[in-house]
Amino acid sequence: MNTITIETIVKRKRAKVWEYWNQPEHIVHWNFASDDWCCPRAENDLRPGGKFSSRMEAKDGSMGFDFGGHFTLVESPAKLEYVLEDGRKVLVTFDDVGDGTQITETFEPESRNPLEMQEQGWNAILQNFKKYAEGKS
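Residues numbered from 1 in each chain as written. Predicted model: local features only at pLDDT ≥ 70, side-chain atom pairs only at ≥ 80, totals over all residues. Heavy atoms only, no water.

**Structural notes on the side chain of Glu-108**
- Here Glu-108 shows up in the loop between β7 (100-107) and α3 (115-135).
- It turns out Glu-108 is buried and unbridged, and the closest side chain with the opposite charge, Lys-89, is 5.4 Å from it.
- There is a polar contact of 3.0 Å between the side chain of Glu-108 and the backbone nitrogen of Lys-89. (Helix = DSSP H or I, 4+ residues; strand = E, 2+ residues; numbered from the N terminus. Buried < 20%, exposed > 50% of the residue type's maximum accessible area, 1.4 Å probe, protein only. Lys, Arg positive; Asp, Glu negative; His and termini not counted. Salt bridge = Lys/Arg side-chain N within 4 Å of Asp/Glu carboxyl O. Polar contact = N/O pair within 3.5 Å; in protein donor to acceptor, adjacent residues only side chain to side chain.)

**Things to note about the pattern of salt bridges**
- The final tally for this structure, using the stated rule, is eight salt bridges.
- Note that Arg-14 is salt-bridged to Asp-96, the shortest N-O span being 3.5 Å. Of this pair, Arg-14 sits in helix α1 (residues 14-22) while Asp-96 sits in strand β6 (residues 89-97); the two residues are 82 residues apart in sequence, bridging distant segments of the chain.
- Using a relative accessible area of 22% as the deciding quantity, one classes Arg-14 as partly exposed.
- With a relative accessible area of 52%, Asp-96 lands in the exposed category.
- The shortest N-O distance in the salt bridge between Arg-41 and Asp-66 comes to 2.8 Å. Placement of the pair is Arg-41 in strand β2 (residues 37-44) and Asp-66 in strand β4 (residues 64-75), with a sequence separation of 25 residues.
- Its relative accessible area of 31% is what places Arg-41 among the partly exposed residues.
- It is possible to trace a salt-bridge network through shared partners that takes in Arg-41, Arg-55, Glu-57 and Asp-66.

**Side note on the packing of aromatic side chains**
- Taken as a whole and assessed by the stated rule, the structure comprises 13 aromatic pairs.
- Between the aromatic rings of Trp-21 and Phe-129, the centroid separation amounts to 4.9 Å while the plane-to-plane angle is 75°, which identifies the pairing as edge-to-face. Linking Trp-21 in helix α1 with Phe-129 in helix α3, this pair joins segments that are 108 residues apart in sequence. By the burial criterion, Trp-21 is buried, and Phe-129 matches it.
- By the ring-pair criterion, three or more aromatic residues cluster together here, those being Phe-52, Phe-67, Phe-71, Tyr-82, Phe-107 and Trp-122. (Phe/Tyr/Trp six-rings, centres within 6.5 Å; stacked < 30°, edge-to-face > 60°.)

Next comes the structure, spelled out in structure tokens:
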């Protein structure tokens, strides 16, 4: 199966990036692709076999969906592997680079939407995370 890989560098130490990425009280502030969407709820049982779930919704209430799955590997603060509810696999790595952290996400695409649209959507969420993490004091 083909995969899509996206990445960014966040100007934060890896321990903080890991915290902002995984703690539900932070996830609700960045886990959406555009400013007209929100993430009203997030749950994260960060351990192999643990489940995660978040709700993404349009702020006007016109649409929304749940995003969830279970972790297959958790290596704090370096690597996450998980399987989405539809069976697709995702790998996220966190690497020290200079004064920041490189996040690399590799995921198996779904078949309903064009690959470019999926890459753009996941990348928009990743950039929203970067903005949130770098904006924290």
